[in-house]
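Fold and geometry: a report
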Amino acid sequence: MNKLEVTLEIVTPLFLGGADPRGEPELRAPSFRGALRFWLRALLGGVLGNDPKRIFEEESKVFGSTKQASPVIVYVQANGNLRKKAFSLLLHNKPNVQVIGFNPGQKFKIYFTSHDKEALKRAQKALQLLCCLGGLGRRSRRGFGSLQIVEGDMAVKAQNPSMLADILGQCLRKMLPEKDAEMNSVPDFPTLHCQWSQVIVCKKEFQNWNEAIELVMKKAQKYRNAALGEAEPRQASPVHAHVTKLTSDKYALVLTTMLSEINPKLCSRANREKLAQFLSCFDGEIVWGFKEVPQKWPGGD
């Protein structure tokens, strides 16, 4: 049996629904499996191209499907009970709704076991992407639920945003092929393909995680448009905000954009330029992907 043990730190408040969605937050493996699937799919899309059937087959080899069990077992464990309290979901508006979440600064472990070495390697890559670019739980695309690997070879230890940009750039280049699969049309799903994705590390250092998330929310409100997500009809934002804790105890902001087909009902309302303005207002270094939002993306010319 092959095993992997990883220590994670909660960087921003983590809102994870438990067995009772309206009850207290719970640290549960199913929540992680869902997020890991998402990032593995994004990774496979960058390697295999816009081939949903093949990608699903490869994804199922790691996390299973209705027809086959997952060869990778995932479980999480904290030493004692993690502290919780109420946090504001909308830091740029006061007063606003508060939700109970796990406090930042706490650590827990995630474990993977598998007889399949290749499946375990892919699960590890998905975890790295989740902890470097994404988030877990409610409002994760706005920066909440950011996690960080803090021990071992996968730990991200950067003193400043410039160093973080170098680390993330190297990490992505190791995971993804030098030459992407051909993908001339808009992907069916979010993917880390260089033509349709972008990773930016903002140059600004933040004194705390609140500042980073508040900036994202203010800018999202300023450039509000269906291109940045919509509640009705439901359309998730293509931008994932992730907050990284630096070794200086300050914080950095990483923005990952993965463009894909959007709800046809929103095409006439999605303004490509609004997304471009939103991304450009963060003074940052592009470490992966497109330099400008592709004209072919819905909402463009």
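The structure under discussion appears in the preceding block.
What counts as what
Residues numbered from 1 in each chain as written. Predicted model: local features only at pLDDT ≥ 70, side-chain atom pairs only at ≥ 80, totals over all residues. Heavy atoms only, no water. Helix = DSSP H or I, 4+ residues; strand = E, 2+ residues; numbered from the N terminus. Rg over C-alpha atoms; globule rule 2.2 N^0.38 Å. Buried < 20%, exposed > 50% of the residue type's maximum accessible area, 1.4 Å probe, protein only. Areas by Shrake-Rupley, 256 points an atom, 1.4 Å probe, with all protein chains shown as cover. Lys, Arg positive; Asp, Glu negative; His and termini not counted. Charge placed at Lys NZ, Arg CZ, Asp CG, Glu CD. Polar contact = N/O pair within 3.5 Å; in protein donor to acceptor, adjacent residues only side chain to side chain. Contact = heavy atoms within 4.5 Å.

Another point: the overall build of the protein chain. When you go through the protein chain residue by residue, the secondary structure sums to six helices and ten strands. Over its C-alpha trace the protein chain gives a radius of gyration of 18 Å, about what one expects of a compact globule, namely 19 Å for 301 residues. By its C-alpha atoms, the protein chain is 50 × 45 × 40 Å across when sized along the principal axes. For the protein chain, with 301 residues in total, the buried portion stands at 52%. As displayed, the protein chain offers around 14400 Å² of accessible surface, 45% of which is attributable to carbon and sulfur atoms. In the protein chain, 43 positive and 30 negative side-chain charges are present, and the distance between their average locations comes to 4 Å.

Within the fold, Ser 146 resides in the loop between helix H3 (117-133) and strand S6 (147-149). The exposure class assigned to Ser 146 is buried, which follows from its relative accessible area of 0%. Among the polar contacts listed, one links the side chain of Ser 146 to the backbone oxygen of Gly 143, at a separation of 3.0 Å. From its side chain, Ser 146 meets the backbone nitrogen of Val 243 in a polar contact 3.0 Å long. With residues near it in sequence (within four places) discarded, Ser 146 still touches Glu 9, Ile 10, Val 11, Thr 12, Gly 134, Ala 241, His 242 and Val 243.

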